[in-house]
Protein chains: 2
Amino acid sequence: MAQTLARPVANLIELLSRLPGVGPKTASRLTFYLLREPNGLAEALAAALGALGTGTVLCERCFNVAEQSPCPLCADPARDQTLICVVEEPMDVLAIERTGAYRGAYHVLHGALSPIDGVYPEKLKIAELVARVQAAAPREVILATNPSLEGENTAAYIHQQLAGSGVQITRLARGLPMGGDLEYADEVTLSRALEGRRSM
Amino acid sequence: MAQTLARPVANLIELLSRLPGVGPKTASRLTFYLLREPNGLAEALAAALGALGTGTVLCERCFNVAEQSPCPLCADPARDQTLICVVEEPMDVLAIERTGAYRGAYHVLHGALSPIDGVYPEKLKIAELVARVQAAAPREVILATNPSLEGENTAAYIHQQLAGSGVQITRLARGLPMGGDLEYADEVTLSRALEGRRSM
């Protein structure tokens, strides 16, 4: 086996299979695809991966991944900087921006509390959020952490930390997803949808 | 949207989503994973991708991907070089080596005939195989192309090209896969299994 695979090939397979959701089979399929891909995709990917670390910084205000600090979202005077949407990951910023329904600022925590996995408040950008709220006195902080156990705990913890700051703290609405089917909704979602019912 | 994503991030997402089986969602998930991965996986991957092109060659005899030519499999005196197993891709060499049941040489075609996709015999290492058989006069050529339309056509074409060379030409057995269930076998597999039945 060892001598069957050229070392650069075996090496790339091993590294690719460290990615989440990529097993050894997928890793070798991707590697052999890159080997025969004639348009320099491997070289382009190598350059892009190299630029990922050197070409990006964390915005010092919102901790989103950006090319410079403050990031374009924090520097944009057209956005309502008195509204801070707190999310777990940079990907969540992208998801909310895609809706086009939000024109405020963000705060990226870079994770959710999970003591079992060793993720304590100090590992997240929570102290930075508290300091930011104290300094900037926004009118509203929207806790948009995930509707999961960790996300709920993180939201509860931040709520506690910001209590007494006088700022309005909100949480994203829970309820039935659009296009969903009431019959197939889980009990928690359905009871949250009932709790949060609105008059028409 | 454009200004939400740092350019290095957007660039990597775009390149990753060109990989087979990787959509935009997976590409961005992988990118953000690499962004927060602290152990230099992005840098290691960049180096491995760069080495893929510069560190590998095609063996001039069997056209497998290797670090030098002839490759370790062709250079190994312990292997039966009078037996040539013809496969479509380097991955197939790996699959056969994994069985431990084969100790001969290989010939990698780098594809299968598919005129619709513009893959004509000239695009594959078929002329090289014919020349190799004429020069080395092996005792057997095993056609181990895939049991698909393209693989069957490729095997038939090579069979035609080698007719008259006097070499024995065989094809991998078709039949029921181990662990399979007769009830769920498709008609073609089942009729091939019947055709190929052996006395016990």
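Residues numbered from 1 in each chain as written. Chains lettered and ligands numbered in written order. Predicted model: local features only at pLDDT ≥ 70, side-chain atom pairs only at ≥ 80, totals over all residues. Heavy atoms only, no water.

Q: Quick question: what am I supposed to make of the sheet that holds strand S4 (residues 104-108) of chain A here?
A: Two modes of strand pairing occur in sheets, parallel and antiparallel, and in both the strands are linked by backbone hydrogen bonds. Residues and elements named next belong to chain A. Taken in spatial order, the four strands of this open sheet run S4-S3-S5-S6, and their pairing is parallel. The open sheet is flanked by S4 and strand S6 (168-171), the only strands paired with a single partner. Here the strands of the sheet are splayed against their neighbours by 25° on average, with no regard to which way each runs. In the sheet, strand S3 (residues 80-87) pairs with S4 via five bridges, with the strands oriented parallel. Across the sheet, the residue bridging to Val87 is Val108, located in S4. (Pairing = 2+ DSSP bridges. Helix = DSSP H or I, 4+ residues; strand = E, 2+ residues; numbered from the N terminus. Axes fitted to C-alpha atoms, helices over the stretch in contact; angles between N-to-C directions.)

Q: Teacher, can you tell me more about the pairing of strand S4 (residues 104-108) of chain B here?
A: Each regular strand carries side chains that alternate between the two faces of the sheet. Counting buried positions along S4 of chain B yields five of five residues, so the element is predominantly enclosed. Note on the crossover from strand S3 (residues 80-87) of chain B through helix H5 (residues 90-99) of chain B to S4 of chain B: the handedness is right-handed. (Buried < 20%, exposed > 50% of the residue type's maximum accessible area, 1.4 Å probe, protein only. Right-handed = clockwise from strand over helix to strand, strands pointing away.)

Q: Whenever I open this one, the sheet that holds strand S5 (residues 140-143) of chain B confuses me. Can you help?
A: Residue and element names in this part refer to chain B. The parallel open sheet is built from four strands, whose spatial order is S4-S3-S5-S6. Each edge of the open sheet carries a strand with a single partner, namely S4 and strand S6 (168-171). If you compare each strand with its neighbour and ignore which way they point, the axes differ by 25° on average. Of the strand pairs in this sheet, S3 and S5 are connected by four bridges, and their pairing is parallel. Bridge pairing in S5 links Ile84 to Val141. In this fold H5 packs onto S3 and S4, with an angle of close to 155° to the strand it touches most, S4. The strands that helix H7 (residues 149-162) touches are S3, S5 and S6; relative to S6, the one it contacts most, it runs at about 175°. (Contact = heavy atoms within 4.5 Å.)

Q: When you look at the confidence of the model for chain A in this model, what are you seeing that I'm missing?
A: Any region with low pLDDT has predicted coordinates that should not be read closely. Confidence along chain A averages 90 in pLDDT terms, with 98% of residues attaining 70 or more. The complex model carries a pTM of 0.76, and its ipTM stands at 0.77. (pLDDT = per-residue confidence, 0-100.)

Q: Explain the interface of chain B and chain A here, please?
A: How big an interface is tends to be stated in terms of accessible area lost as the parts join. Tallying the contact residues gives 51 residues for chain B and 51 residues for chain A. Taking both partners together, chain B and chain A bury about 4,800 Å²; carbon and sulfur atoms supply 75% of that area. Broken down residue by residue, the surface that chain B buries against chain A is led by Thr4, Leu49 and Leu52 of chain B, which jointly contribute 13%. Where chain B packs against chain A, one counts four salt bridges. (Buried area = accessible area lost by both parts, 1.4 Å probe. Salt bridge = Lys/Arg side-chain N within 4 Å of Asp/Glu carboxyl O.)

Q: Could you clarify how one ought to interpret the packing of helix H1 (residues 7-16) of chain B against helix H2 (residues 24-36) of chain B in this entry?
A: Each pair of packed helices can be summarised by the angle the axes make with each other and by the distance between the axes. Residues and elements named next belong to chain B. For the pair H1 and H2, the least separation of the axes is 8 Å and the interaxial angle reads 130°. In terms of orientation, H1 lies oblique with respect to H2. Between H1 and H2 lies a crossing whose hand is right-handed. For the pair H1 and H2, the contacting residues are Val9, Leu12, Ile13 and Leu16 in the first and Pro24, Ala27, Ser28, Leu30, Thr31, Phe32, Leu34 and Leu35 in the second. Among the residues forming the contact of H1 with H2, the class breakdown is 10 nonpolar, two polar and no charged. (Parallel < 35°, antiparallel > 145°, perpendicular 65-115°, else oblique. Left-handed = near helix turned anticlockwise from the far one by under 90°. Nonpolar A, V, L, I, M, F, W, Y, C, P; charged D, E, K, R; others polar.)

Q: In this structure, what is going on with the packing of aromatic side chains? I would like to understand it.
A: Each pair of aromatic rings is reported with the distance of its centres and the angle of its planes. Residues and elements named next belong to chain A. The full count for this structure, using the stated rule, is two aromatic pairs over all chains. Between Tyr102 and Tyr106 the ring centres are 5.2 Å apart and the planes differ by 65°, which places this aromatic pair in the edge-to-face class. Each member of the pair Tyr102 and Tyr106 is classed as buried. (Phe/Tyr/Trp six-rings, centres within 6.5 Å; stacked < 30°, edge-to-face > 60°.)

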